[in-house]
Amino acid sequence: SAVISQKPSRDICQRGTSLTIQCQVDSQVTMMFWYRQQPGQSLTLIATANQGSEATYESGFVIDKFPISRPNLTFSTLTVSNMSPEDSSIYLCSVEKDSFYEQYFGPGTRLTVT
Amino acid sequence: GENVEQHPSTLSVQEGDSAVIKCTYSDSASNYFPWYKQELGKRPQLIIDIRSNVGEKKDQRIAVTLNKTAKHFSLHITETQPEDSAVYFCAASPGKLIFGQGTTLQVKP
């Protein structure tokens, strides 16, 4: 597996502001992903963070709302823009290191929008 | 696209009993099926997975079976313990992970 950290671990933000979440891995990984987990719900893939190119977004998620960067093979950021209370959720990054499709999750960022 | 259905949504068993959670998937291109355990306030942890070229896989008290023809796979936990209490998620991957809705397992001592 890999050691994955996320910052911040939690935050309370005001409506209309933006928050950038960081995901750091202790070794180079092939794939990095961002998920959302709403309270008491399952995990939904937001996008695949591609190193050196634009992220690949899933249906229902757009770049203007969730811009993603991946400058290298160990780091990625997800920004939640122009937040509303509906964005209150846990945001998790995951990585696929070297096993085909095997993903490991970061600890998550708990976001509350007031 | 892929759709994963998971049942039951809640499961309560007595310590020492077995627990079975079932998932069905829709996309025949899916070829990887992991199971995650998520304790309250923690990250999902990969506990076992199976690939489409295998019918069954076991790891101590945990086993997973896959029926590709019927497009369903199951998680079996034997000799359950209170520390097995958690939410369990199945997923299917036709190239990206699509998760089931989750099963809350309660093991009563």
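About the criteria used
- Counting of residues starts from 1 at the beginning of each chain's written sequence and follows it residue by residue.
- The naming scheme follows written order: chains are lettered A onward, ligands numbered 1 onward.
- Since the coordinates come from a predicted model, pLDDT governs what is reported: local features require at least 70, and pairs of side-chain atoms require 80 or more to be given and counted, while whole-chain, interface and lining totals use all residues.
- Calculation of side-chain values draws on the structure's entire complement of heavy atoms; hydrogens and water are dropped beforehand.
- Counting from the N terminus, the helices are the DSSP runs of H or I reaching at least four residues and the strands are the DSSP runs of E reaching at least two.
- Buried means the residue's accessible area, taken with a 1.4 Å probe over protein chains only, is under 20% of the maximum for its type, while exposed means over 50%, and partly exposed covers the values in between.
- Only heavy atoms matter for contacts: two residues are in contact if any of them lie within 4.5 Å across the pair.

Help me understand unusual backbone geometry, please; the structure alone is not making it clear to me.
Leaving glycine out, the prevailing phi sign among residues is negative, and the prevailing peptide bond configuration is trans. Looking along the chain, the bond that leaves Lys7 of chain A and enters Pro8 of chain A is cis, with omega of -10°. Counting through the fold element by element, Pro8 of chain A comes out in the loop between β1 (4-7) and β2 (10-13). At the junction of His7 of chain B and Pro8 of chain B, the peptide bond is cis and its omega measures out at -5° in the coordinates. Tracing the backbone through its elements, the reader meets Pro8 of chain B in the loop between β1 (4-7) and β2 (10-14). One non-glycine residue with positive phi stands out, namely Asn82 of chain A, at about 45°. Along the chain, Asn82 of chain A falls in the loop between β8 (75-80) and β9 (89-96). Located in the positive-phi region is Lys71 of chain B, a residue other than glycine, with phi close to 55°. With respect to the helices and strands, the residue Lys71 of chain B is situated in the loop between β7 (62-67) and β8 (72-77). Residue Lys71 of chain B is classed as partly exposed on the basis of its relative accessible area of 25%.

Got a minute to help me understand the environment of Tyr101 of chain A in this structure?
For Tyr101 of chain A, the position within the fold is in the loop between β9 and β10 (103-105). In this structure Tyr101 of chain A comes out as buried when scored by relative accessible area, which is 14%. Distance in space between the C-alpha atoms of Tyr101 of chain A and Ile68 of chain A is 21 Å, their sequence separation being 33 residues. Residues within four places of Tyr101 of chain A in sequence aside, it is in contact with Glu96 of chain A together with Asn31, Tyr32, Ser93, Pro94 and Gly95 of chain B.

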